[in-house]
Amino acid sequence: MKVGILQQRVTEDVKANMRHIAEGIERLADDGAQLVVLQELHNSLYFCQTEDVDNFNLAEPVPGPSTEFYGGLARRFGVVIVTSLFEKRAAGLYHNTAVVMERDGSIAGKYRKMHIPDDPAYYEKFYFTPGDIGFHPIDTSVGRLGVLVCWDQWYPEAARLMALQGAEILVYPTAIGYADSDTPDEQERQREAWTTVQRGHAVANGLPVVTANRVGFEPDPSGQTKGISFWGSSMAVGPQGEMLWRAGRDEEESVVIDIDMSRCEQVRRWWPFLRDRRIEEYGVILKRFVD
């Protein structure tokens, strides 16, 4: 599978951002991409740095204007596109939703972000209701995609549930970066932990992992923090955790990675982790904590 990854800076101008994304999708399609993965909440600045009710004006229904726009691009360029949108489900009910556009322009499926963070400058619980449609892969013309979103990256349960339902690749639109108040050493520990846990999902499930992360500095409109420097480092990882490609941490990048999907079957034969799971002993995992 030829997978295109877009790592981009974002501005205050939503229409300009969408034009920039369209140019990137066209470039990747020209380079042979069959699947294009966009970063989390790519239409706008990362508005979750503050709690501001006016930011709900950025949300839209699904289907809606953005699915029409990206569906048109999917149809025009003959690619499957993983988008990440601020979904308005109803008045007062909003989700952080990944929508997969099929190459004929239709909606192949959607995934509502399940794990919602609430940290300084990442006030997502103010905006997003946790997903309620579960962890289910999305069938497309290029394969069965296990689409998850950002904070979901830290949870092995999410990746495993996608794998158990036949996902052929794990896909993560992401928006994560440094707090400028952290020391350089702490910043690097965080970035490498983020990289390592995703490589672990690939190994544990025998699946490729593709991640598209934001890049560039975005100020905190409230001035309460020093803003976020999104660390880029978008990546494609093979089923043994091998790094197929990783972007830099400071610049926009776009690339097409040719992933050998047939290797997953061989890796699972060598490392039959799914065979050896002791499912009869895992019931306690449904508890919050075991005293």
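What counts, and at which threshold
- Residues numbered from 1 in each chain as written.
- Predicted model: local features only at pLDDT ≥ 70, side-chain atom pairs only at ≥ 80, totals over all residues.
- Heavy atoms only, no water.
- Salt bridge = Lys/Arg side-chain N within 4 Å of Asp/Glu carboxyl O.
- Helix = DSSP H or I, 4+ residues; strand = E, 2+ residues; numbered from the N terminus.
- Buried < 20%, exposed > 50% of the residue type's maximum accessible area, 1.4 Å probe, protein only.
- UniProt positions renumbered as here; feature names shortened; annotations may be inferred.
- Axes fitted to C-alpha atoms, helices over the stretch in contact; angles between N-to-C directions.
- Parallel < 35°, antiparallel > 145°, perpendicular 65-115°, else oblique.
- Left-handed = near helix turned anticlockwise from the far one by under 90°.
- Contact = heavy atoms within 4.5 Å.
- Nonpolar A, V, L, I, M, F, W, Y, C, P; charged D, E, K, R; others polar.
- Pairing = 2+ DSSP bridges.
- Core = buried A, V, L, I, M, F, W, Y, C linked by side-chain atoms within 4.5 Å.

Now for the pattern of salt bridges. Applying the stated criterion across every chain yields a total of 18 salt bridges. Between E242 and R263 there is a salt bridge; the shortest N-O distance is 2.6 Å. Of the two residues, E242 sits in the loop between β13 (235-237) and β14 (243-246) while R263 sits in helix α5 (residues 263-270), which places them 21 residues apart along the sequence. Judged by its relative accessible area of 24%, R263 falls in the partly exposed class. Taken together, the shared-partner salt bridges connect E87, R89, K110, R112 and D132 into one network.

Let us now look at the UniProt feature "domain: CN hydrolase" (unreviewed entry) in the chain. Taking the UniProt record as the reference, the feature "domain: CN hydrolase" (unreviewed entry) is found at residues 1-261. As annotated, residues 1-261 has a helix share of 23% and a strand share of 30%, and its two end C-alpha atoms lie 7 Å apart.

Two numbers describe how helix α1 (residues 14-30) lies on helix α2 (residues 65-77): the axes approach to 10 Å, and their chain directions differ by 20°. The angle between the axes of α1 and α2 places the two elements in the roughly parallel class. Where α1 crosses over α2, the handedness of that crossing is right-handed. When α1 is examined against α2, the residues M18, I21, A22, I25, E26 and A29 are found in contact with a partner set consisting of S66, F69, Y70, L73, R76 and F77. Classifying every residue of the contact of α1 with α2 by side-chain character gives 9 nonpolar, 1 polar and 2 charged.

The next point concerns the sheet that holds strand β12 (residues 228-231). Spatially, 3 strands are ordered β9-β12-β11 in an open sheet, and the strand pairing comes out antiparallel. Both edges of this open sheet fall to β9 (177-179) and β11 (215-218), since each of them pairs with a single strand only. Going across the sheet, the axis of each strand differs from the next one's by a mean of 20°, ignoring polarity. Two strands pair when backbone bridges link them, and β11 and β12 are joined in this way by 4 bridges, in the antiparallel orientation. Across the sheet, E218 pairs through a bridge with I228, a residue of β12.

Our focus in this paragraph is the packing of helix α3 (residues 156-164) against helix α4 (residues 184-205). Interaxial distance between α3 and α4 falls to 10 Å at its minimum, and their mutual angle equals 35°. The chirality of how α3 crosses α4 is right-handed. For the pair α3 and α4, the contacting residues are P156, A159, R160 and A163 in the first and H201, A204 and N205 in the second. Its residues assigned to classes, the contact of α3 with α4 shows 4 nonpolar, 2 polar and 1 charged.

The next subject is the nonpolar core. Counting residues in hydrophobic clusters, the biggest one holds 44 residues, and the most contacted among them are V3, I5, L35, L145, V147, I169 and V210. Not counting residues within four places of it along the chain, the set of residues in contact with L145 comprises L35, V80, V82, V100, P137, I138, T140 and I169. In this structure, V62, L73, I81 and V99 belong to the second largest nonpolar core, which totals 20 residues.

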